[in-house]
Amino acid sequence: MEPLSHNIKHVAVIMDGNGRWAKQRSHPRVWGHVRGSAVVSHIVQEADDLGIEALTMYAFSSENWSRPQTEVLVLFNLLYKFLKKERARILKNNIRFKIMGDISNLPEQTKKLIGQLESETAHHTGLKLTFAFGYGARAEIAYAVNRFMKANPGKDITEDALNEYLMIPDLGDVDLLIRTGGDHRVSNFMLWQIAYAEMFFTETKWPDFTITEFRYIIEQVAKRERRFGAVAPATSLQDNIIVARENQRILRG
Ligand code: FPP
């Protein structure tokens, strides 16, 4: 495929719609997760090919613990299978792999595999691939503030300092947040890091999400003008006169 020019460094993805996708096909919800995990592999590969620097995927939220135990177990097993299956490719492609979240309740063999892959890839300089697992953004912010206070007793926290105490500080701000499945919400995902993210919501349910749609989204969003709250200064003399007159009028009441 043709190379795509874009300025998007960090993409975060809320992979939603697995359950509905399966139900529509008269299958149990977990079937959607199984199909969805294959899509994860394709999107990781495509993000790497597109030269994206960081890809953060919401694989299991802290709220997902309240799902039926059988479904939770399937998600654990899919993570385990993904790590086993993709390890060689992750190593070969210089990908840095990390989990962001509380994985203390995961089976020991999965935690071991995660630990191994995280240390094997810690020095890698390619795509920063992160799975948010057992993750909630409010918990992450509380975690950062608590760690800051312990390390800097009596000091006020600043925005820069908070960045440094997040779970994975070098991921940086999110440039693009994609959510599949048709809902328009952010569901406690990376609330600090998405402050200026572009949002893209698609009706496509995660198991149907393709690399073609992923490329299309990157292409569309790359065309958007991102102003980060600023506007271009007035350039013409006439614009400046209008602004000055408007200010006088405001002050006169
Ligand atoms: C939301 O769909 C999706 C999840 C809770 C989990 C996402 C997990 C995967 C895509 C597979 C796991 C793969 C790896 C490699 C860890 P939902 O069940 O909330 O869908 P619904 O909104 O239709 O009910």
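- Under an unreviewed UniProt entry, the protein chain has the name Isoprenyl transferase and belongs to Bacteriovorax antarcticus.
- Reading the Function (unreviewed entry) entry of the UniProt record for the protein chain gives the comment "Catalyzes the condensation of isopentenyl diphosphate (IPP) with allylic pyrophosphates generating different type of terpenoids."
- As recorded by UniProt, the Subunit (unreviewed entry) comment attached to the protein chain reads in full: "Homodimer."

1. Remarks on the packing of aromatic side chains
- Within the structure shown, the criterion is met by 14 aromatic pairs.
- Ring plane angle 70° and centroid distance 5.7 Å describe the contact between tryptophan 65 and phenylalanine 76, whose orientation is recorded as edge-to-face. Remark: phenylalanine 76 occurs in helix H3 (residues 69-92) and tryptophan 65 occurs in the loop between strand E2 (54-61) and H3; sequence separation between them is 11 residues.
- You can call tryptophan 65 partly exposed: its relative accessible area is 31%.
- Members of the aromatic cluster, joined through ring pairs, are Phe60, Trp65, Phe76 and Phe133.
- In this structure, arginine 35 packs its charged tip against the face of tryptophan 31, placed 5.2 Å from the ring centre.

2. As for the environment of alanine 142
- Along the chain, the position of alanine 142 falls in helix H5 (residues 137-151).
- Spatially, the C-alpha atoms of alanine 142 and leucine 166 are 9.2 Å apart, while their sequence positions differ by 24 residues.

3. As for the UniProt feature "active site" (unreviewed entry) in the protein chain
- As recorded in UniProt, the sites labelled "active site" (unreviewed entry) are Asp16 and Asn64. Spanning 49 residues, the annotated positions come together in the fold, the maximum distance between their C-alpha atoms being 12.2 Å.
- Ignoring anything within four residues of it in the chain, the contact list for aspartate 16 reads Arg179, Thr180, Gly181, Asp183, Lys205 and Trp206.
- Examined against the element boundaries, asparagine 64 turns out to sit in the loop between E2 and H3.
- Here the side chain of asparagine 64 touches serine 61 through a polar contact of 2.8 Å, landing on its backbone nitrogen.

4. Quick look at H3
- The end-to-end C-alpha distance of H3, which contains 24 residues, comes to 35 Å, matching closely the 34 Å that a straight helix rising 1.5 Å per residue would cover.
- Along H3, the positions that sit buried rather than exposed are Glu71, Val72, Leu75, Phe76, Leu78, Leu79, Phe82, Leu83, Glu86 and Ile90.
- Residues of H3 that are buried make contact with helix H2 (29-49), E2, strand E3 (96-100), helix H4 (108-121) and strand E4 (128-135).

5. Re the nonpolar core
- Ranked by internal contacts, the top residues of the largest apolar core, which has 43 residues, are Val11, Leu55, Met57, Leu129 and Phe214.
- Considering each element in turn, this core owes the most residues, seven residues, to H3.
- Setting aside its immediate chain neighbours within four residues, leucine 129 contacts Val44, Leu55, Met57, Ile90, Ile95, Arg96, Phe97 and Lys98.
- Counting 16 residues, the second-largest nonpolar core is a separate cluster that includes Ala54, Ala132, Phe189 and Ile194.

Rules used throughout
Residues numbered from 1 in each chain as written. Predicted model: local features only at pLDDT ≥ 70, side-chain atom pairs only at ≥ 80, totals over all residues. Heavy atoms only, no water. UniProt positions renumbered as here; feature names shortened; annotations may be inferred. Phe/Tyr/Trp six-rings, centres within 6.5 Å; stacked < 30°, edge-to-face > 60°. Helix = DSSP H or I, 4+ residues; strand = E, 2+ residues; numbered from the N terminus. Buried < 20%, exposed > 50% of the residue type's maximum accessible area, 1.4 Å probe, protein only. Lys NZ or Arg CZ within 6 Å of the ring centre and 35° of its normal. Contact = heavy atoms within 4.5 Å. Polar contact = N/O pair within 3.5 Å; in protein donor to acceptor, adjacent residues only side chain to side chain. Expected span 1.5 Å × (residues − 1). Core = buried A, V, L, I, M, F, W, Y, C linked by side-chain atoms within 4.5 Å.

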